[in-house]
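Observations on the three-dimensional arrangement
Residue-level listing of the chains:
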Amino acid sequence: MRKPSKVVDSREVERWDVETEVLVVGCGAAGAAAAIEASRAGARVTLLERASGGGGTSAMSGGVLYLGGGTPVQKECGFEDTPEEMYKYLMAACGEKPDEAKIRLYCDGSIEHYHWLAELGVAFKPVFYPGYSGEPPTDDGLVYSGNEAVAPFNRIARPAPRGHVPQIPGAAGGLLMQKLVASVQRTSTEFLTDARCQTLVVTPQREVLGALASIGGAELLIRATHGVILSTGGFINNDEMLDQHAPLLRRCNVRVGAEGDDGSGIRMGVGAGASTVNMGMGSISLPFTEPKELLKGILVNAQGQRFINEDAYMGRLGEYAVFRNDGQAFLILDDETFLRPNVPRDVAAVGETIEELETQLGLPDGSLQTSLALYNRHAEHGGDPLFGKDPKWLTPLVNPPYGALDCRTQSSLYAAFTLGGLSTTVDGEVLTPDGETIRGLYAAGRATACLAAPGYASGLSLGDATFFGRRAGRKAAGV
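Residues numbered from 1 in each chain as written. Predicted model: local features only at pLDDT ≥ 70, side-chain atom pairs only at ≥ 80, totals over all residues. Heavy atoms only, no water.

So, about the overall build of the chain. Along its length, the chain carries 13 helices and 21 strands. Since a compact globule built from 479 residues should have a radius of gyration of about 23 Å, the 23 Å found for the chain is in line with a globular shape. Seen along its three principal axes, the alpha-carbon backbone of the chain occupies a region of about 80 × 45 × 35 Å. Of the charged side chains in the chain, 43 are positive and 57 negative; the average position of the first set lies 4 Å away from that of the second. (Helix = DSSP H or I, 4+ residues; strand = E, 2+ residues; numbered from the N terminus. Rg over C-alpha atoms; globule rule 2.2 N^0.38 Å. Lys, Arg positive; Asp, Glu negative; His and termini not counted. Charge placed at Lys NZ, Arg CZ, Asp CG, Glu CD.)

Structure representation (structure tokens):
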């Protein structure tokens with residue numbers, strides 16, 4: 001990791017310039033939620049934002065929130081869901097070592113969290129959009145935002161769409177943050193912008209007493225008698241940290257993150273003795289799935305082999321392509337299935353035969369021919385025994401000429417952000433490598449390890465940030 005943020009030894013502090021009870025650092029979705037709940041709990045709250053206004057990466061996002069268990073929107077759209085089905089899906093989808101305690105709380109509290117957002121003025125139109133993942137181009141409020149309806153997960157838990165989208169056409173992150181910031185401003189929170197937290201003030205016993213911040217050109221020592229909450233975002237814009245922890249993410253040519261996603265909060269936490277989790281993981285989207293007819297193609301790696309069901313969520317496609325196949329992938333299509341994707345993507349090669357296409361792509365002799373022959377044989381009967389792709393996207397690719405869309409990281413669009421961060425309890429208390437809590441230090445949002453790493457679904461970042469941001473706010477306030 002980049003050199004940890006050097007802390008201020010509390011023994012060197014002669015006087016405090018400002019005193020508050022809860023100091024929240026960063027006003028994205030997590031920080032706003034933490035400030036709202038800490039203030040409602042009766043704490044005196046100060047919120048620092050390094051930019052000129054709140055929002056951060058959350059405001060730049062699609063605004064999808066992963067909620068389920070039987071929300072009013074799900075019910076009005078005709079979908080059955082329960083906390084247990086949501087739990088089964090997330091436990092299966094969120095990597096080899098999912099955080100069971102956090103996932104259980106998140107699923108059991110999802111309906112209540114929906115109502116909390118609605119009470120803040122975040123409206124969700126009760127209309128299901130049948131498009132594929134992410135925010136819809138309409139103002140519809142419910143989408144499939146992960147792998148719930150595809151193999152192997154549709155055999156593990158009953159599929160239900162859980163992507164809840166604030167009511168506005170297109171990207172809804174800006175609207176979501178408008179509502180959250182307005183709610184912060186309705187509390188007694190002291191909200192300071194252009195205010196950059198530089199480091200933490202820590203005792204020799206590793207208790208966090210406050211922070212050193214630059215506000216209005218002056219350096220101020222802020223005493224936080226109840227605690228400091230770090231909600232500063234991830235580290236996608238810190239090349240040094242990426243090189244050390246997640247070098248494959250540097251290959252992705254679209255970095256999803258505000259300027260402040262430089263790992264500052266993570267480094268401050270590590271400087272105070274915190275441990276980190278899943279620092280090598282990130283959400284990586286490979287968007288070739290619109291128009292959806294492209295799902296009839298097959299995605300192969302540099303060895304000419306399929307490695308996933310092509311109808312998977314674009315985040316799963318990206319994870320498998322980058323983390324498991326070194327970012328080397330091609331989408332193979334025939335004359336009848338070939339379409340230009342909505343996201344521009346080059347044609348890597350064209351051939352009158354599969355053998356010719358294989359040669360032009362530089363794949364091992366016979367590899368693509370064997371892969372396609374196996375795929376076609378089963379597709380003729382509506383089956384995909386290797387990966388379980390939905391039969392509606394299965395069709396033999398037998399009509400020349402054949403083409404390959406370039407899905408390699410070096411020449412096509414991949415969008416990425418980090419998912420690793422500080423290790424925390426379910427209440428946002430920051431943990432040491434020994435699993436002990438650091439007194440006076442809390443964290444939420446992408447400064448912490450996400451629920452899903454790997455196994456991301458659209459909406460988990462904002463859902464995780466607001467849900468656990470609220471818990472951190474209440475815990476720091478003493479509730």
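Turning to the sheet that holds strand β16 (residues 347–351), a few remarks are in order. Backbone hydrogen bonds hold the strands of a sheet together, and the pairing may be parallel or antiparallel. As summarised here, the arrangement of the 4 strands in space is β14-β15-β17-β16, forming an open sheet in which the pairing is antiparallel. Where the open sheet ends on each side, the last strands, each with one partner, are β14 (298–300) and β16. Sheet twist, expressed as the average angle between the axes of neighbouring strands with direction ignored, equals 25°. As defined by bridge partners, strand β15 (residues 330–333) adjoins strand β17 (residues 402–406) across 4 bridges and the pair is classed as antiparallel. Counterpart to Leu333 in the pairing with β17 is Gly403. (Pairing = 2+ DSSP bridges. Axes fitted to C-alpha atoms, helices over the stretch in contact; angles between N-to-C directions.)

Pairing within the open sheet is mixed, and its 3 strands lie in the order β11-β18-β13. Looking at which strands have only one partner, the edges of the open sheet turn out to be β11 (254–255) and β13 (282–285). Here 4 bridges tie β13 to strand β18 (residues 415–418), and the two strands are oriented antiparallel to one another. What sits directly across from Ile284, in β18, is Ala416.

Let us now look at the packing of helix α1 (residues 29–40) against helix α7 (residues 173–185). One can describe the packing of α1 onto α7 by two numbers: an axis separation of 9 Å at closest approach and a directional angle of 30°. Classed by the angle they form, the pair α1 and α7 counts as roughly parallel. Crossing of α1 against α7: the hand is left-handed. Facing Ala29, Ala32, Ala35 and Ile36 of α1, the residues of α7 in contact are Met177, Leu180, Ser183 and Val184. Of the residues in the contact of α1 with α7, the class split is 7 nonpolar, 1 polar and no charged. (Parallel < 35°, antiparallel > 145°, perpendicular 65-115°, else oblique. Left-handed = near helix turned anticlockwise from the far one by under 90°. Contact = heavy atoms within 4.5 Å. Nonpolar A, V, L, I, M, F, W, Y, C, P; charged D, E, K, R; others polar.)

Core analysis: the biggest nonpolar cluster contains 54 residues, and Leu200, Val228, Leu230, Leu299 and Leu441 have the highest contact counts within it. For Leu299, the residues in contact, after removing those within four places along its chain, are Leu286, Phe288, Gln305, Arg306, Phe307, Ile308, Glu310, Leu317, Ala329, Phe330, Leu331 and Cys407. Leu47, Val73, Trp116 and Leu142 belong to the second largest nonpolar core, which has 38 residues in total. (Core = buried A, V, L, I, M, F, W, Y, C linked by side-chain atoms within 4.5 Å. Buried < 20%, exposed > 50% of the residue type's maximum accessible area, 1.4 Å probe, protein only.)

Moving on: the packing of helix α6 (residues 110–119) against helix α13 (residues 460–477). Two elements in contact, α6 and α13, have axes whose closest approach is 11 Å; the angle formed by their N-to-C orientations is 90°. Relative to α13, the element α6 lies roughly perpendicular. Two secondary-structure elements touch here, α6 through Glu112, His113 and Trp116 and α13 through Gly463, Thr466, Phe467 and Arg470. Split by residue class, the contact of α6 with α13 holds 2 nonpolar, 3 polar and 2 charged.

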